[in-house]
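In case you want the letters, here they are:
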Amino acid sequence: MIVELGHYALVLALATALLQCLLPLVGVLTSDPALMRTGTNAAYAGFGLTLLAFCALATAYVTSDFSVVNVFENSHSQIPVIYRFSGVWGNHEGSMLLWLLILSFFSALVAFFGSHLPERLKALVLSVQAALAAAFALFVLATSNPFLRLDPAPGEGRDLNPVLQDVGLAIHPPLLYLGYVGFSVCFSFAVAALIDGRIDAAWARWVRPWALMAWSFLTVGIAMGSYWAYYELGWGGWWFWDPVENASFMPWLAGTALLHSALVMEKREALKIWTVLLAILTFSLSLLGTFLVRSGVLTSVHAFATDPRRGVFILAILVIVIGGALSLFALRAGTLKAGGLFAPISREGALVLNNLILTTATATVLIGTLYPLVLETLTGAKISVGPPFFNLTFGLLMMPLLFVVPFGPMLAWKRGDLAGAAERLLTSALLALLVGAVVLYGAWGGPILAPFIIALGVFLMLGALAEPAFRAGFGKLGFMLALRRLRGLPRSTFGTAFAHFGLGVTLIGIVCATAYQTEAIVEMRPGQTIEAGGYSLTFDGLRPAAGPNYSEERGHFSLRKGGVDAGEVWSSKRVYTARRMPTTEAGIRTFGFSQLYVSLGDSKEDGAVVVRIWWKPWVLCIWLGALLMFAGGAVSLSDRRLRIGVPARSRQRPIQAVEAGE
Amino acid sequence: MSRKQKRLALISGAVGFVSLAVLLVLFAFSQAVAYFYVPGDLAKAKLAPGTRIRLGGLVATGSVQRAAGTQVHFTVTDTIGAVPVTYDGILPDLFREGQGVVAEGRLTADGGFAADTVLAKHDETYMPKDVADRLKAQGVTLGGQETIR
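None of these values were measured; they are calculated from a predicted model.

## With respect to the pairing of strand S5 (residues 550–561) of chain A
Residue and element names in this part refer to chain A.
Thinking step 1. Summarising the sheet, strand S4 (residues 535–546) and S5 pair through 10 bridges and their orientation is antiparallel. Its bridge partner being in S5, Ala545 is matched across the sheet by Glu552.
Thinking step 2. Once S4 ends, the chain turns through three residues before running back antiparallel as S5.
Thinking step 3. In sequence, S5 turns back onto strand S6 (residues 564–576) through a hairpin of two residues, with Gly562 there showing a positive phi of about 55°.

Spelled out as structure tokens, the structure:
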């Protein structure tokens, strides 16, 4: 009954989306304010109905209702309840429903916070959002319906893939989708503005908070996925340049570019055409990612099922949405006037450089991801484009950007003073070089590039701190006065500093964990000892154990450092009973920012076990940096000038304010 | 600088950077990608020893031998050809005799294959479809091949 209710709610959500798409649009065309305003309530209704559908499916999962095909195929009554719940999106159908839920959630947010928007723009944005929602609701209902029943109902489910029975599944996809789908708002704003034919600095001010929010969620979403793969897959890797990872990384890169170009547009009314194009491209890359992951074009742990109908359907959505938006763009871009002038050395110039590098880097990732597919279609040859390709292209192209980042915020708008900026960054640069020299000396004989990149990371971190410090006047004014001025700086200054600082932290984590990790693969018998990262591990033997739906062999290792006890590590080989599927549970022990990572291999007849042990120095910095970037986004969002729903000044007279700005 | 000169500087800078990127991509494609072969095609392809490839097929039944330490020997077959593979490390959880596998590494001078990565089934970069397509084209049916959902 509940499941049928959910099914019905989803059909109603589709109908609501169609209304929400058409009515406000007709309202705009006929200049009928009453029709324009229907979008708001339709958006709330659409969200409510989709939420109802989602809750119905979640109920079926939590109560293990195996008469539902989707639950039967992807769940099991012995799975702990939290994984039964997160299992809702651990399969194709449920995950598309989550996608749709988040899309309608963002529509509702626009409806709620958009009271200050010009009515025409708001109506058009909601209409475009609804068009997307309708397309995906139709996709779910027509090709991926999670509400279909089985008769007779089986007694037990086929189990959830053991790899997915983890808190990672509970956190990673929702965060990722909040980011991925969040960019739909920027897309809708871009298309709405193109239809309306009015794009000015105010547009950028409205779009930037949404871009910032989506970007922040995407940042943690990707970082969470990376950490999940790191501890769950048991091979100690945290990024594989897998096409599916690239699919989420490309919108992130383009979204980062969008954040920065929208800044130029908001402050200086320059880069208008480019920013609108980026807003379209960013969400197009999100859609492309959805297509790559969900169509079955790529086979990976993320591709739950392959059904050609689905691929064709998403491809059709992709072509219509992206093609339509770009055609509209081509039609209208010529009518947009170029904005303010600026010298090459200026804040704008630095942000243009940022955009140039980020978009080029995005393009190389796109080429590396799609080339194997294209080549196979054209010639039948199968190639794998892996880390060597991306390190060489993406890695090298990003280096200049990392070096330029600290300079950007130091330059003034319009015309910057490069020598002055360099002078202010001198201390940071010298300290960074000092750190690099110490690392070079300490790790003599190691990879020669690593100390330089670490120095670059330190430069990024210190440079990020130097900017607010300089603006507050530390070193020039008295300490107390500078501290007071620091507190008076706008929040977005701290947001920038946090995010750029986090970038440096991530860079250092990546370099240290890649260049200075040690790896040992050895055969160990109980009682044997091995050295890793200054710790000695003694293998004490395997012990059988059992969990709620698996049995396992747990290997116990005692750790000692300099003869002193330093704790223990468990690592195990599990077999999940329902699918008879073996998995490796890595044993991870954290020391500061570094980790000792122990993974078990096959055991031999004589009691020996193959053990793989990594020492991963500073590896936690990779994800810590991403969290700092998220914090930067959150701090910026809380800025009075940026908060969604503000600017307070124009709140009373939204329409007049825009007309005045023309 | 006049407006025109500024625009020219901007465009030439952008063109320069993008050309650099294009050159890098072309270079990387010639150096850093691995072609996929099944044993039957490998014999025909006559590649030079040391070429980096991906080798896919079935693990021949009864061929897995664990040597001293962490060394493993096994044979990858597609029923037409067979290639002996050596690997030093931990095999993936779902590595089984008679089931699909993809190994990445280099051809050795004696006609064998030294793998540095072995992927099986649910591993993220594993592509069972590739193996399945090639094997199906050669008339081999995959017993017990459970696709991951």
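There is more to say after this.
## Section: the domain arrangement of chain A
Residues and elements named next belong to chain A.
Thinking step 1. Here chain A is partitioned into domain 1 (1–165), domain 2 (166–404), domain 3 (415–510) and domain 4 (518–616).
Thinking step 2. With 30 residues of domain 1 at the contact, the number on the domain 2 side is 31 residues.
Thinking step 3. Contributions of two or more residues to the side of domain 1 that touches domain 2 are made by helix H4 (81–86), helix H5 (92–113) and helix H6 (119–143).
Thinking step 4. Examining the composition of the side of domain 1 that touches domain 2, we find that 11 residues originate from one element, H6, more than from any other.
Thinking step 5. Classifying every residue of the side of domain 1 that touches domain 2 by side-chain character gives 20 nonpolar, nine polar and one charged.

## Remarks on the interface of chain A and chain B
Thinking step 1. The partner chain B presents 34 residues to the 42 residues of chain A that form the contact.
Thinking step 2. The residue inventory of the side of chain A that touches chain B, partitioned by class, reads 24 nonpolar, 12 polar and six charged.
Thinking step 3. In this structure, strand S1 (residues 383–385) of chain A lies alongside strand S1 (residues 33–37) of chain B, joined through three bridges in antiparallel fashion. Looking across to S1 of chain B, one finds that Val385 of chain A is bridged to Val33 of chain B.

## Remarks on the nonpolar core
Thinking step 1. Within the largest apolar cluster, 187 residues are counted, with the highest numbers of intra-cluster contacts made by Cys186 and Phe189 of chain A.
Thinking step 2. Top contributing element to this core by residue count: helix H8 (residues 201–232) of chain A, with 19 residues.

## Focus: the sheet that holds strand S3 (residues 529–532) of chain A
All names here are of chain A.
Thinking step 1. With antiparallel pairing, five strands are arranged side by side in an open sheet as S3-S4-S5-S6-S7. Lying at the two open borders of the sheet, with one neighbouring strand each, are S3 and strand S7 (581–585). Pairs of neighbouring strands in the sheet enclose a mean axial angle of 30°, with direction left out of account.

## Some details on the sheet that holds strand S8 (residues 587–591) of chain A
Residue and element names in this part refer to chain A.
Thinking step 1. Pairing is antiparallel across the open sheet formed by four strands, whose spatial order is S2-S10-S9-S8. With one partner strand each, in any of the chains shown, strand S2 (518–524) and S8 form the two edges of the open sheet. Between one strand axis and the next, the sheet turns through 15° on average, direction left out of account.
Thinking step 2. Bridge count for S2 against strand S10 (residues 609–616) is seven bridges, and the pairing is antiparallel.

## Examining the pairing of S3 of chain A
Thinking step 1. Judged from the four bridges that link them, S3 of chain A and S4 of chain A form a sheet pairing that is antiparallel. When the sheet's bridge partners are listed, Ala532 of chain A is paired in S4 of chain A with Tyr535 of chain A.

## Some remarks on the packing of helix H2 (residues 33–62) of chain A against H5 of chain A
Residue and element names in this part refer to chain A.
Thinking step 1. The interhelical angle for the contact between H2 and H5, taken along N-to-C directions, is 150°, at an axis separation of 8 Å. The pairing of H2 with H5 is recorded here as roughly antiparallel in orientation. Like other packed secondary-structure pairs, H2 and H5 cross with a definite hand, here left-handed. Side by side, H2 and H5 meet where Gly39, Thr40, Ala43, Tyr44, Gly46, Phe47, Thr50, Leu51, Ala53, Phe54 and Leu57 of the first sit next to Gly94, Leu97, Leu100, Leu101, Ser104, Phe105, Ser107, Ala108, Val110 and Ala111 of the second.
Thinking step 2. Residues belonging to the contact of H2 with H5 are distributed by class as follows: 14 nonpolar, seven polar and no charged.

Reading guide: rules and limits
- Residues numbered from 1 in each chain as written.
- Chains lettered and ligands numbered in written order.
- Predicted model: local features only at pLDDT ≥ 70, side-chain atom pairs only at ≥ 80, totals over all residues.
- Pairing = 2+ DSSP bridges.
- Helix = DSSP H or I, 4+ residues; strand = E, 2+ residues; numbered from the N terminus.
- Domains from an automatic or database assignment.
- Contact = placed C-beta atoms within 7 Å.
- Nonpolar A, V, L, I, M, F, W, Y, C, P; charged D, E, K, R; others polar.
- Core = buried A, V, L, I, M, F, W, Y, C linked by C-beta atoms within 7 Å.
- Buried ≥ 20, exposed ≤ 12 C-beta atoms within 10 Å, placed from the backbone.
- Axes fitted to C-alpha atoms, helices over the stretch in contact; angles between N-to-C directions.
- Parallel < 35°, antiparallel > 145°, perpendicular 65-115°, else oblique.
- Left-handed = near helix turned anticlockwise from the far one by under 90°.

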